[in-house]
Amino acid sequence: MKSTLLAGVALATAAAAHAQSVPSSPPSAASPVAQAGDLTTPQMALAPPPIPTVIPVRDVRRPATPAELRVRAANRQAAREPVARGFVNAVQVYQFSEGALYRLIAAPERVTDIALQPGEAIVSVAAGDTVRWTVGDTTSGSGSAKQAHILVKPFAAGLSTNLIITTDRRTYHLQLESAGTAMAGLSWSYPQDELLAIRRLQAEAEAATPVASGLAVERLNFDYVVSGDKPAWRPLRAFDDGRQTFIEFGPGFSAGEAPPLFVIGERGEAQLVNYRLSGRFYVVDRLFNAAELRLGGKRQSIVRISRSAAAKGRRKS
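Residues numbered from 1 in each chain as written. Predicted model: local features only at pLDDT ≥ 70, side-chain atom pairs only at ≥ 80, totals over all residues. Heavy atoms only, no water.

Here 5 strands make up an open sheet; going across it, the order is β12-β20-β19-β15-β16 and the pairing antiparallel. Taken across any chain shown, the strands that pair with only one partner, and hence form the sheet edges, are β12 (224–228) and β16 (270–272). Strand-to-strand, the axes of this sheet are offset by a mean angle of 30°, without reference to chain direction. Bridging between β12 and strand β20 (residues 301–307) involves 5 bridges; their strand directions are antiparallel. Its bridge partner being in β20, Val 225 is matched across the sheet by Ser 306. (Pairing = 2+ DSSP bridges. Helix = DSSP H or I, 4+ residues; strand = E, 2+ residues; numbered from the N terminus. Axes fitted to C-alpha atoms, helices over the stretch in contact; angles between N-to-C directions.)

Printed below as a string of structure tokens:
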């Protein structure tokens, strides 16, 4: 029994001595200690992902070119804004001018009416933004009073685009903007057309007024003969009052087909003479024995107006 205890002690002493002689090493990753996650052993911390480098984007704006500056200046000068005196009730009436930019203020959920001139027919309508703007057309009235309308509506506020309307008479340029308030409608006045209408009425009144009004009937001489070619503009007759000569054309005569008048001299030479057109009459500021109306190129139409021999004799006496 004693010998057995001594043998065990000897074995234990030898094992301890051998353990002291072997250098210690850290447990491997596969060791049971490492896998168990010994809390007394510090763990390796995971490195955070790298932060991406953000390169700031500079707002590079090139300066406007001289051409762009000229375009901006031209647009500003051509702009026509709504003015208080231009409203007829809720409709803004612009004075039409070729090449002007007319401002239209619209609003979401509101329709603005663009009314064209009565009798004017739409050829085309083009908008810069057809996604966020609704553009349609309709008409009102009938016959000569039929009027075309363009209807516009934005989907949101803060939008801007342009609109071009071409018709059989003119071209309209509009600048559309959406805000919180909408114009009910806009239309135009046409000073040039009104002036032409006034002139046309004056011409019709002059044509309806007898050219011989105020003349002494007893002094009128109708002894003139119209001869030569027979074009559509051939005059009906000629007469004088002792001071002026009057050449009367037919009702369908127009100033666009007015032939020039030449007085024929004593030697047969053609001379220009002062005369004016009054309605469908030529008023010549002198008397003549013979004159010719000539019109055409290589093949001229010539109508001769001659005073009769009897009239010549009366003038001499």
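The next subject is the environment of Arg 110. Summarising the element assignment, Arg 110 is placed in the loop between β4 (101–106) and β5 (112–115). If we skip the residues at most four places from it in the chain, Arg 110 touches Val 152, Lys 153, Pro 154 and Ala 182. (Contact = heavy atoms within 4.5 Å.)

Okay, the sheet that holds strand β17 (residues 275–278) next. Read from one edge to the other, the open sheet built from 4 strands follows the order β13-β14-β18-β17, with strand pairing classed as antiparallel. Looking at strand neighbours, the two that pair on one side only are β13 (237–240) and β17, the edges of this open sheet. Neighbour-to-neighbour, the strand axes of this sheet turn through a mean angle of 20°, independent of strand direction. Looking at chain direction, β13 and strand β14 (residues 245–248) are connected through 4 bridges and run antiparallel. The residue bridging Ala 238 from the neighbouring strand is Ile 247, located in β14.

Our next topic: the pairing of strand β8 (residues 147–154). The two faces of a sheet get side chains in turn, since along a regular strand they alternate between them. Of all 8 residues in β8, 6 are buried, a share of seventy percent or more. Relative to β8, strand β7 (residues 133–140) is paired through 8 bridges, and the arrangement is antiparallel. Bridge pairing links Asp 137 to Ile 150 in β8. Connecting β7 to the next strand, β8, in antiparallel fashion are 6 residues, including Gly 141 with a positive phi near 75°. (Buried < 20%, exposed > 50% of the residue type's maximum accessible area, 1.4 Å probe, protein only.)

Once that is clear, we can look at the pattern of salt bridges. One pass over the structure, following the stated rule, counts 12 salt bridges. A salt bridge links Arg 170 to Glu 120, with the nearest nitrogen and oxygen atoms 3.1 Å apart. Of this pair, Arg 170 sits in the loop between β9 (160–167) and β10 (171–178) while Glu 120 sits in the loop between β5 and β6 (122–127), and the two are 50 residues apart along the sequence. Exposure class is identical for Arg 170 and Glu 120. Each is buried. Through salt bridges with shared partners, a single ionic network connects Glu 81, Arg 103 and Glu 177. (Salt bridge = Lys/Arg side-chain N within 4 Å of Asp/Glu carboxyl O.)

On to the pairing of β9. Alternating residues of β9 divide into Thr 161, Leu 163, Ile 165 and Thr 167, all buried, and Ser 160, Asn 162, Ile 164 and Thr 166, none buried. Pairing analysis gives 5 bridges linking β6 to β9, with the strands arranged antiparallel. If you follow Ile 122 over to β9, its bridge partner there is Thr 167. Sheet analysis places β9 next to β10, joined by 7 bridges and oriented antiparallel. If you follow Ile 164 over to β10, its bridge partner there is His 173.

The next point concerns the packing of aromatic side chains. All chains considered together, the criterion is met by 13 aromatic pairs. Geometrically, the ring pair formed by Phe 96 and Tyr 172 is edge-to-face, given 5.4 Å between the ring centres and 70° between the ring planes. Of the two residues, Phe 96 sits in the loop between β3 (91–95) and β4 while Tyr 172 sits in strand β10, which places them 76 residues apart along the sequence. Taking the centre distance of 6.5 Å and the plane angle of 80° together, the rings of Phe 253 and Tyr 282 count as edge-to-face. Placement of the pair is Phe 253 in the loop between β14 and β15 (261–264) and Tyr 282 in strand β18 (residues 281–284), with a sequence separation of 29 residues. (Phe/Tyr/Trp six-rings, centres within 6.5 Å; stacked < 30°, edge-to-face > 60°.)

Here the focus is the nonpolar core. Ile 114, Leu 174 and Trp 188 are the most contacted members of the largest nonpolar core, which totals 22 residues. Mapped onto this core, the elements with two or more residues apiece are β4, β8, β9, β10 and β11 (185–189). In this structure Leu 174 touches Tyr 102, Leu 104, Ile 114, Thr 161, Asn 162, Leu 163, Ile 165, Leu 186 and Trp 188, once residues within four positions along its chain are discounted. Counting residues in each nonpolar core, the second largest holds 17 residues, with Phe 253, Phe 288, Val 303 and Ile 305 among its members. (Core = buried A, V, L, I, M, F, W, Y, C linked by side-chain atoms within 4.5 Å.)

Let us now look at the side chain of Thr 161. Mapping Thr 161 onto the fold places it in strand β9. Within the structure, the side chain of Thr 161 is placed 3.4 Å from the backbone nitrogen of Gly 128, a separation counted as a polar contact. At a separation of 2.9 Å, a polar atom in the side chain of Thr 161 contacts the main-chain amide nitrogen of Asp 129. The residues contacting Thr 161, other than those within four sequence positions of it, are Gly 128, Asp 129, Trp 133, Leu 174, Gln 175 and Leu 176. (Polar contact = N/O pair within 3.5 Å; in protein donor to acceptor, adjacent residues only side chain to side chain.)

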